[in-house]
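Tertiary structure, described
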Amino acid sequence: MTAPEAESLRVPPAPRRRPEWRAQAPVVAVVAAGGALGAVARYALALALPTAAGGFPWATFWTNVIGCAVIGAFLVLITEGLPAHRLVRPFFGTGVLGGFTTFSTYAVDIQKLVDHGRPAAGLAYLAATLCAALAAVWCAATVTRRVLTRRQR
């Protein structure tokens with residue numbers, strides 16, 4: 001094989017890419033920061049609305065309903081309304097609201113109600129949280145979409 005033939009068969013080196021972790025580091029950082037803020041807000045609400053042993057867990061209920069309403073409005077805003085920086089969604093949607101809302105505490109609260117001999121309250125809490133959270137997302141998204149539509153006219 002001649003030198004020109006060998007040169008034509010050479011594969012050019014692949015362009016250097018940043019390691020994947022370096023590309024994802026800003027996302028991980030904003031999710032962590034947002035999660036910390038959301039968790040602190042959830043804790044503050046739990047302190048403001050303490051639950052007695054065997055009592056209805058209003059703090060967790062309202063935390064999840066409020067969080068769902070905010071995520072409904074937020075997602076409409078960033079997908080249909082305002083252009084947002086690429087880190088806004090991970091910071092606020094995943095971080096803040098992920099740290100604020102809590103499925104695990106919801107499940108533990110249901111178990112506590114059952115353990116305290118209140119299975120009907122546990123079932124009511126299970127259903128009420130699910131229905132209220134879904135209604136909150138839908139209502140907030142609908143209202144936000146209507147507001148955006150009126151502003152664009």
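To be clear, the structure that these remarks concern was listed above.
So, here is what we can say about the structure in this document. (Residues numbered from 1 in each chain as written. Predicted model: local features only at pLDDT ≥ 70, side-chain atom pairs only at ≥ 80, totals over all residues. Heavy atoms only, no water.)

Turning next to the overall build of the protein chain. Looking only at helices and strands, the protein chain features 6 helices and 0 strands. Each helix and strand of the protein chain, ordered N terminal to C terminal, gives the series α-α-α-α-α-α. Considered along the principal axes of its C-alpha atoms, the protein chain spans approximately 85 × 50 × 25 Å. Nonlocal contacts in the protein chain, meaning residues at least 24 apart in sequence, comprise 75% of its contacts between residues at least 6 apart. Accessible surface, the protein chain as shown: approximately 10,300 Å² in total, 68% of it carbon and sulfur. Taking the average location of the 15 positive side-chain charges in the protein chain and that of its 6 negative ones, the two points are 14 Å from each other. (Helix = DSSP H or I, 4+ residues; strand = E, 2+ residues; numbered from the N terminus. Contact = heavy atoms within 4.5 Å. Areas by Shrake-Rupley, 256 points an atom, 1.4 Å probe, with all protein chains shown as cover. Lys, Arg positive; Asp, Glu negative; His and termini not counted. Charge placed at Lys NZ, Arg CZ, Asp CG, Glu CD.)

According to the stated counting rule, one finds 1 salt bridge in the structure shown. With a shortest N-O distance of 2.9 Å, Arg145 and Glu80 are connected by a salt bridge. In this pair, Arg145 sits in helix α6 (residues 119-152) while Glu80 sits in helix α3 (residues 58-81), placing the two residues 65 residues apart along the sequence. Classification of Glu80 as partly exposed rests on a relative accessible area of 40%. (Salt bridge = Lys/Arg side-chain N within 4 Å of Asp/Glu carboxyl O. Buried < 20%, exposed > 50% of the residue type's maximum accessible area, 1.4 Å probe, protein only.)

If you look at soluble globular proteins, the nonpolar side chains tend to sit buried side by side. Core analysis: the biggest nonpolar cluster contains 10 residues, these being Phe61, Val65, Cys68, Tyr106, Ile110, Leu113, Ala121, Tyr125, Ala133 and Ala136. For this core, the secondary structure elements donating two or more residues are α3, α5 (103-115) and α6. With 4 residues, α6 is the single largest residue contributor to this core. The residues touching Ala121, leaving out its near neighbours within four places in the chain, are Phe56 and Leu113. (Core = buried A, V, L, I, M, F, W, Y, C linked by side-chain atoms within 4.5 Å.)

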